[in-house]
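Here is how the chains run, residue by residue.
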Amino acid sequence: MRGHKSCAMKVTRLCWILILCDVSLFAQSTQQQITALLDQQFNRSDTVSYQIQKYLIAQAPPLPKPASAEAWTAQASRIRSNLVENVIFRGWPKEWIHSAPKFEDMGSIPSGPGYTRRKLRYEVVPGFWSAAILYAPENQSGPVPAILNVTGHVGPEGKSIEYEQKRCINFALQGMIALSLDWLGHGELRAEQNQHWYAGHLDLAGANAEGLFYLEMRRGIDYLSNLASVDRNRIGMTGLSGGGWQTMFLGALDERIKVAIPVAGYDALGEWIPRLPAAAGDNEQGGTDIYRDQDNATLTAMRAPRPTLLTFNAEDDCCFRSAIVKPYVYDAIKPFFALYGKSDHLQFHENTDPSTHNYQLDNRLSSYRFFSQHFGLPLRDHEIPVDAQIKSYEELEVGLPKDNLTILSLAQKLASEIKHAPIPADGVGKLTWADTKRRELGDVVRYKPVAVSHAWALTSTKNKGVESLGYRFELTNLLPATGIWIKAIASAANSPITIVLNDRGKKFASADVARRVNRGEQVLAADLLFTGDASTQALPNVWAYPEMVSAAGQRPLGIEAAQLLALAHWIEQQQGSKQMRLEVRGMRMQVIALVAAALEPNLFSDLVVHDGIPSLNYLLSKPVHYEEASDLFCLDLYKNFDLDEIAALAGSSTVTEASENATPPK
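Not measured: the values here are computed from a predicted model.

**Describing the overall build of the chain**
Helix and strand counts for the chain stand at 24 helices and 17 strands. For 666 residues, the compact-globule formula gives about 26 Å, and the C-alpha radius of gyration of the chain, at 28 Å, lands near that figure. The dimensions of the chain, computed from C-alpha atoms along their principal axes, are 95 × 45 × 45 Å. When the 666 residues of the chain are sorted by exposure, 61% land in the buried category.

The structure is reproduced here in structure tokens:
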């Protein structure tokens, strides 16, 4: 953090001698006694899950109700422009967004009779290349239809996955060009630093990660549209699972895609949220702000009146069972197509063989029929056997540059170009700077004040010189937080208050709590949202909820800071003390506490950080995994701030670092 080990002011040697050597009249508690108190659970993971689900469902945008085809065309255009320009490509250089497709032909692949295969590689953004295979009819005459084929989360096989090859070969034998792309994190892009969790690092550096995922697939449509052999009025798209989500997403936003067949790839928020966190999507499927103003049902409606076949599996063993999603993404969307007199352009295919998560023969046959019907080709009701022509990964390997960027290295590159202006010296200049930056910080973390509407006292103790009350807090936004108030019985009722936070939850804060109690202070050891027993830690995919909160247009960091401020005001009012300090341990609580202190600069007299990090850049350079600190990967946070700037906004609060070697806890 600009060469400083501390967030702002170092603690003097004298202060530390007093802290370490204090012999308090109130030293009646033991760490073991405090541990037993902190180990009490005030909320369960399944209850927390339900509370966050209710919050997210309340945030979900309703499906529009247009009165006419003209009205819906105009509204869909506005949604499309806003989502692409202000969300997906937020923070991306315009010259990257609007650059011409750059594809390189890397040679042919031996193929069967009637079609050809060629290896292609293409630049997504400068320095970041992806791979593709182009399947084409051998003897085509005139412009022909073309189909973009995208893969989901298939692992190392990528574009060589068997069902994708069979489908693309058959498209070519039916007279259509088929382009098959590798997907980020898979196939030739399977490097660890291309795993989708590194999307958060792009957000942190100020470029909405959704832009990279969007460009990676949109380049395929750019390429096909520029081929003289392609009929631009007959371009389609299809894919399974994550590829089904891509097909719906790009198919809604890019009107060049005339026919779309998403397979088992998504559902509407109204059905998806109640099944979280088990039915979690990768970071691009819950990209920052993409569900702020519309959800997947609305995006499906934006396909109207372009032909769309929704394919789902009856007993999908991954994500989306047909009977569950059909009311949300088909039945509710039919009226949009009816506005144009094209009800038959939205179709639904339920797969019952094998009925699990697949793009096997039954689903492929359904796709052949739908594409040939809407592209004016002879209807095909069978698949040409091509098993002998399936190639291995090695045979289809295109070869990418050895110095190819990854999601992480691209984020690090963007971060290296960030220049933070120096903090002004004391005076009017600094006051003006602080006022502007404080508003900016509130905007970045989407800060919305909340209050404690009720504190449910669940436990109480009073023995061995210590008293306590354990609480489950009801906040005005209905999101959960818990805490336990502890003090020495002999200490004054209005003694100073310390709020203690720990990245691992309050149950791990016993040493910090015992030290403050033995100094005669009141302590509130709290678990904010996504921490301890205010989290879903006993359930799978604990990152799913923070991810979806960001997708809905809020920021976990802002919510947590608001909770901390609400608890501070509540305990201050309850106990009548005007001396409030913060003591936190771990990088997550460090940033949350700094943001809270910056938003209300005179609330806390002192903020002490243990095991913190020196800079937000640490998240990028280490790198810290998204799952470790999902709330810190806040869009634009490092682009606009570093920790010293946030600390400077804390006003009169004394911010200290109590660890000589600032590293996050293991």
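Now that the structure has been shown, the text picks up again.
**Focus on the sheet that holds strand β17 (residues 654–657)**
With respect to topology, eight strands assemble into an open sheet ordered β10-β11-β12-β14-β13-β15-β16-β17, the strand pairing being mixed. Looking at the sheet topology across the chains shown, the edges are occupied by β10 (452–463) and β17. Direction aside, the axes of adjacent strands within the sheet are offset by 20 degrees on average. Of the pairings in the sheet, the one linking strand β11 (residues 466–475) to strand β12 (residues 480–488) comprises nine bridges and is antiparallel in character. Bridge pairing links Leu469 to Trp485 in β12.

**Comments concerning the sheet that holds strand β1 (residues 103–109)**
Pairing in this open sheet of nine strands is mixed, and the strands run β1-β2-β3-β5-β4-β6-β7-β8-β9 from one edge to the other. Of all strands in the sheet, those bounded by a partner on one side alone are β1 and β9 (346–351). Strand-to-strand twist across the sheet, computed as the mean angle between neighbouring axes with direction ignored, equals 20 degrees. Running over the sheet, helix α12 (residues 322–331) touches β8 (308–313) and β9 and is turned about 175 degrees from β9.

**So, the state of the cysteines**
In the structure shown here, the tally under the stated rule is one disulfide. The disulfide partner of Cys318 is Cys319, and the gap between their sulfur atoms is 2.1 Å. For Cys319, a relative accessible area of 18% gives the class buried.

**Concerning the pattern of salt bridges**
Applying the stated criterion across every chain yields a total of 42 salt bridges. Here Glu271 makes a salt bridge to Arg275, at a shortest N to O gap of 2.3 Å. Accessibility expressed as a relative area gives 5% for Glu271, which makes it buried. You can call Arg275 partly exposed: its relative accessible area is 26%. The salt bridge involving Arg292 is made with Asp293; its shortest N-O contact spans 3.3 Å. Using a relative accessible area of 28% as the deciding quantity, one classes Arg292 as partly exposed. On the basis of relative accessibility, which here comes to 43%, the residue Asp293 falls in the partly exposed class. Several salt bridges share partner residues, and in doing so they unite Asp512, Arg515, Arg516, Arg519, Glu521, Arg581, Glu583, Arg585, Asp606 and Asp611 into one network.

**Examining empty space enclosed by the protein**
Evaluation of the coordinates by the stated rule reveals three cavities of 30 Å³ or more. Within this model, the largest cavity holds a volume of roughly 130 Å³. For the lining of the largest cavity, the secondary structure elements donating two or more residues are α7 (199–204), α8 (210–226) and α19 (544–551). Ranked by the residues each element gives to the lining of the largest cavity, the list is headed by α7, at three residues. Taken together, the residues of the lining of the largest cavity sort by class into five nonpolar, seven polar and four charged.

**Side note on the layout of surface pockets**
Computed from the structure, the largest pocket encloses a volume of approximately 540 Å³. Taken together, 24 residues form the lining of the largest pocket, with Asp503, Phe530, Arg588, Glu627 and Glu628 sitting closest to its centre. Elements represented by at least two residues in the lining of the largest pocket include exactly α19 and α21 (587–599). When its residues are assigned to classes, the lining of the largest pocket shows ten nonpolar, six polar and eight charged.

**Some remarks on the confidence of the model for the chain**
A low pLDDT means the predicted coordinates there should not be read in detail. Mean pLDDT over the chain: 93, with 94% of residues reaching 70 or higher. Predicted confidence is poor over residues 1–24, with pLDDT under 50, and the contacts of this stretch with residues over four places away or in other chains come to 39 contacts. Below pLDDT 50 for its whole length, residues 660–666 participates in 16 contacts with residues either more than four positions away or in separate chains.

**Quick notes on the packing of aromatic side chains**
Per the stated rule, a full pass over the model turns up 20 aromatic pairs. With 5.0 Å between their ring centres and 75 degrees between their planes, Phe473 and Trp570 make a pair best called edge-to-face. Taken as a pair, Phe473 in strand β11 and Trp570 in helix α20 (residues 556–575) lie far apart in primary sequence, 97 residues in all. For Phe473, a relative accessible area of 3% gives the class buried. Taken together, the ring pairs in this structure connect Phe89, Tyr214, Trp245 and Phe249 into an aromatic cluster. Note that Arg121 overlies the ring of Trp129, its terminal NZ or CZ placed 5.5 Å from the centroid. Note that Lys326 overlies the ring of Phe348, its terminal NZ or CZ placed 5.6 Å from the centroid.

**So, the side chain of Lys506**
Relative to the elements of secondary structure, Lys506 occurs in the loop between β13 (497–502) and α18 (510–517). Reaching out from Lys506, the side chain makes a polar contact with the backbone oxygen of Gln40 at a distance of 3.2 Å. There is a polar contact of 2.7 Å between the side chain of Lys506 and the side chain of Asp533.

**A short note on the pairing of strand β5 (residues 177–181)**
The two faces of a sheet get side chains in turn, since along a regular strand they alternate between them. Where burial is concerned, most of β5 is hidden: five out of the five residues are buried. Of the two faces of β5, the one lined by Ile177, Leu179 and Leu181 and the one lined by Ala178 and Ser180 are each fully buried. Note: strand β3 (residues 128–137) against β5, four bridges, orientation antiparallel. Considered in β5, the bridge of Ala132 is made with Leu181. Pairing of strand β4 (residues 144–150) with β5, which is carried by five bridges, proceeds in the parallel orientation. Bridge assignment links Val150 to a residue of β5, and that residue is Leu181. Note on the crossover from β4 through helix α6 (residues 162–173) to β5: the handedness is right-handed.

Thresholds, definitions, all that
Residues numbered from 1 in each chain as written. Predicted model: local features only at pLDDT ≥ 70, side-chain atom pairs only at ≥ 80, totals over all residues. Heavy atoms only, no water. Helix = DSSP H or I, 4+ residues; strand = E, 2+ residues; numbered from the N terminus. Rg over C-alpha atoms; globule rule 2.2 N^0.38 Å. Buried < 20%, exposed > 50% of the residue type's maximum accessible area, 1.4 Å probe, protein only. Pairing = 2+ DSSP bridges. Axes fitted to C-alpha atoms, helices over the stretch in contact; angles between N-to-C directions. Contact = heavy atoms within 4.5 Å. Disulfide = S-S within 2.5 Å. Salt bridge = Lys/Arg side-chain N within 4 Å of Asp/Glu carboxyl O. 1 Å grid on protein atoms, 1.4 Å probe; cavity = no way out; pocket = protein on both sides within 12 Å on 5 of 7 lines; lining within 4 Å. Points joined across faces, edges and corners; volume = space filled by probe spheres on them. Nonpolar A, V, L, I, M, F, W, Y, C, P; charged D, E, K, R; others polar. pLDDT = per-residue confidence, 0-100. Phe/Tyr/Trp six-rings, centres within 6.5 Å; stacked < 30°, edge-to-face > 60°. Lys NZ or Arg CZ within 6 Å of the ring centre and 35° of its normal. Polar contact = N/O pair within 3.5 Å; in protein donor to acceptor, adjacent residues only side chain to side chain. Right-handed = clockwise from strand over helix to strand, strands pointing away.

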